[in-house]
Amino acid sequence: MELGRQTDAYKRRRTLPGKLRQQIFDLKKKGVIMGNIRRGLIILPLLFIYGSTHDLMLPIPFHGTASLAVGDGGSAAHSHNDDSASHAGKDDNGSSDPSFQIAAVEAQTTFKGSWELFVENAGVSAMHMVLLPKIDQALMFDATVWKISKLKLPGPPCRKIEGTNREDCWCHSILMDVETGNIRPLRIEHDTWCSSGALDVNGRLISTGGYNNGSDTVRILDIAPNSEWIEYPDALGNGRWYATQVTLADGRFMVFGGRGFPTYEFVPPQGQKNTRNEVHAFKFLVETHDPVENNLYPFVYLSTDGNLFIFANNRSILLNPNNHQIVHEFPVLPNGARNYPASGSSCLLPIILNPNDNRKLIPAEVLVCGGAPHDAFDKAELQRPKVFLPGNTDCARMDITKRNGKWKITNMPSARVMGDAVVLPTGDVLLINGAKSGSAGWDDARDPNLNPVLYKFKGDGIGSKFTVMNPSNIPRLYHSSFAVLPDSKILIAGSNANPGYMDNVLFPTELRVEKFSPHYLDPNLAQFRQEIVVEQSDNQVKFGQKFKVQIGEGSAIEQAKLQVTIYSPPFTTHGISMNQRLIQLGIQEFNNGKIVLQAPMNGNIAPPGYYMLFVNYNGVPCRRSMWIQILP
């Protein structure tokens, strides 16, 4: 079997109707063997200044005191009254609509974050990761195609290797307790290599696609104690390898693209199967296909108007998922490609709600950062000697609810390809992982970008939107992943630019797991960290319902300095964070530690499911988030 390419037998497994079959055949003729991942970057606000840290991995200490500063009242989802500030190449530091505010007052710090080595050997390199609700365990898995890892299964039965009489007794999927680091091996049969996934309304992971016998498989992992994978092969109408899964307003899923299949389909209910008649041809993915692809793992977000924003290569559209019509195409984003294998990163910026919000349309913005030239993979993978082109240094954002929306572009402190865009509990965006040159693929990148960068989406017009944070000493390149944790740290794992588990290479297969403490975890800001009293707080709500969250009564708390956000944990792989979503809730009232809030009005704003609820004070997250379920 040839890594990076589907077998001929599999290619014949699913067929497509009509003219699209010939289009796909033409695309396959232009295809190349390639490795995998996309990871770009993106960045949002830095709030805070200073503290001291003595981390084993970072010997440089910081000393100082924290202070408060009046924020600019900016919002990730503000709207413009005119189009003059929205053109490509111009940064937006203008005044904001006061009805959309992220934090009126925020503590400042020059603390640049700290790193800790959490687990020395996870046994499995985390190509994919998601934090499972309620049980606070990170699900990590790689691919069965390797037939090896660094962790043996605890006992029989072993996995039967497809097409052979051999067995694979190595573990390829684990659950890791994010507090203790304890690991529970999980058995998996159908190959998850470069797959997709999302959490359902009950917190289960619904995983789709992968490679070979896993490409048309749907898998389910429950959060109940001792749960194991349940797998449904042949459930999808097309193979989904490097595809993107998105959650709709009613909790259903759609999955887009995948190598060799420029189509999409709804993920069938458990135990059911799609036929090819339930697969929808998608010309947009044909049109955005470069000779080296650059449109796999497209960025897909549910917009607040119910349409799907889809970005592939350098183009983006709005698709109505009900009538399957493209309702709008946005301007091309210049300066290279952004999707696998050029692999930039992207996120939906925070959605800001007001108290008693009755607006017909809630603004929403998308951020796209980094990537690579269109021929970066060609140069690194096929040319000899390898040539590693510099990655992109730009970050672009756009309001996707405006039909005249245009890209606003700023430059990052450094190039980044294969990075990750982490939306922090405060609404900031942290750009992590990746390289400064090259492309996704086997040994196709150089110059690891070890420094996280914060992107402040709304500035004062004077300072930079970007702040460079303290570096890790572990390169995180192809096949890296992350998860935001309940204590507001970031769990970072994975990195494998090799076709298997390899040690004696330039960038060995990475099994170490780290935690990064962002700027808001400056020890000098600990006084601002609130405690949620879970037993006195509502943990299930319906759309539009008022509910309460109780925080411990300590020093006097000012409502103007409070911020409550809910965060949907993403499925992360290859630099894409599927269904990552942060919503700032409108505070109805605050008295004696009781915060009265209103749940989002509909599933376009917040699809049903589990969210991590954070109470931030002076821009500092609470000591531990609370899980809350939005019911359909």
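See above for the structure.
Residues numbered from 1 in each chain as written. Predicted model: local features only at pLDDT ≥ 70, side-chain atom pairs only at ≥ 80, totals over all residues. Heavy atoms only, no water.

**Some details on the overall build of the protein**
- Helix and strand counts for the protein stand at 4 helices and 46 strands.
- When the 632 residues of the protein are sorted by exposure, 65% land in the buried category.
- Contacts spanning at least 24 positions in sequence make up 69% of the contacts within the protein whose residues lie at least 6 apart.
- Counting every atom, the protein has about 21500 Å² of accessible surface; 50% of that belongs to carbon and sulfur. (Helix = DSSP H or I, 4+ residues; strand = E, 2+ residues; numbered from the N terminus. Buried < 20%, exposed > 50% of the residue type's maximum accessible area, 1.4 Å probe, protein only. Contact = heavy atoms within 4.5 Å. Areas by Shrake-Rupley, 256 points an atom, 1.4 Å probe, with all protein chains shown as cover.)

**Concerning the pattern of salt bridges**
- Summed over all chains, the structure comprises 26 salt bridges.
- The partner of Arg 204 in a salt bridge is Asp 200, and the shortest N-O contact between them spans 2.8 Å.
- Between Asp 250 and Arg 252 there is a salt bridge, and its shortest N-O distance comes to 2.7 Å. (Salt bridge = Lys/Arg side-chain N within 4 Å of Asp/Glu carboxyl O.)

**Observations regarding the sheet that holds strand 26 (residues 408–411)**
- Overall, antiparallel pairing links the 4 strands, which are arranged 22-24-25-26 in an open sheet. The strands lining the two open edges of the sheet, one partner per strand, are strand 22 (345–348) and strand 26. Here the average twist between neighbouring strands, direction ignored, is 15°.
- One ladder, built from 4 bridges, connects strand 22 with strand 24 (residues 365–369); its direction is antiparallel. (Pairing = 2+ DSSP bridges. Axes fitted to C-alpha atoms, helices over the stretch in contact; angles between N-to-C directions.)

**Remarks on the state of the cysteines**
- All told, the structure shown has 2 disulfides when counted by the stated rule.
- For Cys 158, the disulfide goes to Cys 169, at an S-S distance of 1.9 Å. One disulfide, between Cys 158 and Cys 169, carries an S-S torsion of 105° and so falls in the right-handed class. With Cys 158 in the loop between strand 5 (137–141) and strand 6 (159–160) and Cys 169 in the loop between strand 7 (167–168) and strand 8 (173–177), this pair connects stretches of sequence that are 11 residues apart. (Disulfide = S-S within 2.5 Å.)

**Some words on unusual backbone geometry**
- Each neighbour pair has its own omega, and for Pro 156 with Pro 157 the value is 5°, a cis peptide bond.
- Its location among the elements puts Pro 157 in the loop between strand 5 and strand 6.
- In this structure, Pro 385 follows Arg 384 across a cis peptide bond, with omega equal to -5°.
- Locating Pro 385 in the fold gives a position in the loop between helix 4 (376–382) and strand 25 (394–399).
- A positive phi angle, near 75°, is found at Glu 293, a position not held by glycine.
- Following the sequence through the fold, Glu 293 ends up in the loop between helix 3 (283–287) and strand 18 (299–302).
- Note on Glu 293: relative accessible area 6%, which makes it buried.

**Some points on empty space enclosed by the protein**
- For the structure shown, the criterion picks out 10 cavities of 30 Å³ or more.
- Looking at the second largest cavity, its volume works out to about 200 Å³.
- Of the residues belonging to the lining of the second largest cavity, the class tally is 11 nonpolar, 5 polar and 2 charged. (1 Å grid on protein atoms, 1.4 Å probe; cavity = no way out; pocket = protein on both sides within 12 Å on 5 of 7 lines; lining within 4 Å. Points joined across faces, edges and corners; volume = space filled by probe spheres on them. Nonpolar A, V, L, I, M, F, W, Y, C, P; charged D, E, K, R; others polar.)

**As for the environment of Leu 585**
- Along the polypeptide, Leu 585 turns up in the loop between strand 41 (581–584) and strand 42 (587–591).
- For Leu 585, a relative accessible area of 3% corresponds to the buried category.
- Through-space distance from the C-alpha of Leu 585 to that of Pro 600 is 7.5 Å; in sequence the pair is 15 residues apart.
- Those residues in contact with Leu 585 that sit more than four places away from it in its chain are Leu 353, Phe 547, Val 564, Ile 566, Leu 597, Gln 598 and Pro 600.

**Observations regarding the sheet that holds strand 31 (residues 453–455)**
- Pairing within the open sheet is antiparallel, and its 4 strands lie in the order 27-28-31-32. Strand pairing shows two members of the sheet lacking a second neighbour, strand 27 (420–423) and strand 32 (466–468), which therefore form its edges. Across the sheet, the mean angle from the axis of one strand to that of its neighbour is 25°, orientation sign disregarded.
- One ladder, built from 3 bridges, connects strand 28 (residues 429–432) with strand 31; its direction is antiparallel. When the sheet's bridge partners are listed, Leu 430 is paired in strand 31 with Leu 454.

**A few points about the environment of Thr 467**
- With respect to the element layout, Thr 467 can be found in strand 32.
- Residues Thr 467 and Thr 110, 357 residues apart in the sequence, show an inter-C-alpha distance of 9.8 Å.

**Examining the side chain of Ser 481**
- Relative to the assigned elements, Ser 481 resides in strand 33 (residues 480–484).
- We classify Ser 481 as buried; its relative accessible area is 0%.
- Separated by 2.8 Å, the side chain of Ser 481 and the backbone oxygen of Ala 126 make a polar contact. (Polar contact = N/O pair within 3.5 Å; in protein donor to acceptor, adjacent residues only side chain to side chain.)

**Let's talk about the nonpolar core**
- In this structure, Leu 139, Met 140, Trp 193, Phe 309, Leu 491, Leu 613 and Val 615 are the most contacted members of the largest nonpolar core, which totals 146 residues.
- Per-element tally for this core: the top contributor is strand 44 (residues 609–617), with 7 residues.
- Counting residues in each nonpolar core, the second largest holds 15 residues, with Val 246, Met 254, Phe 284 and Ile 317 among its members. (Core = buried A, V, L, I, M, F, W, Y, C linked by side-chain atoms within 4.5 Å.)

**Describing the side chain of Asp 357**
- As for its placement among the helices and strands, Asp 357 is situated in the loop between strand 23 (351–352) and strand 24.
- A polar atom in the side chain of Asp 357 sits 2.8 Å from the backbone nitrogen of Asn 354.
- Asp 357 has contacts with Ile 352, Ile 362, Gln 598 and Met 601, leaving out every residue within four places of it along the chain.

**Examining the packing of aromatic side chains**
- Evaluation of the coordinates by the stated rule reveals 24 aromatic pairs.
- When the ring of Trp 241 is compared with that of Tyr 242, the centres are 5.1 Å apart and the planes differ by 50°; the resulting orientation is tilted. By the burial criterion, Trp 241 is buried, and Tyr 242 matches it.
- Arranged with centres 5.7 Å apart and planes meeting at 45°, the rings of Phe 282 and Phe 284 form a pair that is tilted.
- Owing to a relative accessible area of 2%, Phe 284 belongs among the buried residues under this scheme. (Phe/Tyr/Trp six-rings, centres within 6.5 Å; stacked < 30°, edge-to-face > 60°.)

**Regarding the pairing of strand 4 (residues 128–132)**
- Summarising burial for strand 4: 5 of the 5 residues are buried, a large majority.
- Every second residue of strand 4 is oriented toward a common face, with His 128, Val 130 and Leu 132 on one face and Met 129 and Leu 131 on the other, all of them buried.
- Two strands pair when backbone bridges link them, and strand 4 and strand 39 (residues 571–573) are joined in this way by 2 bridges, in the antiparallel orientation. Pairing of His 128 across the sheet is with Thr 573, part of strand 39.

Nothing here speaks to function; it is geometry throughout.
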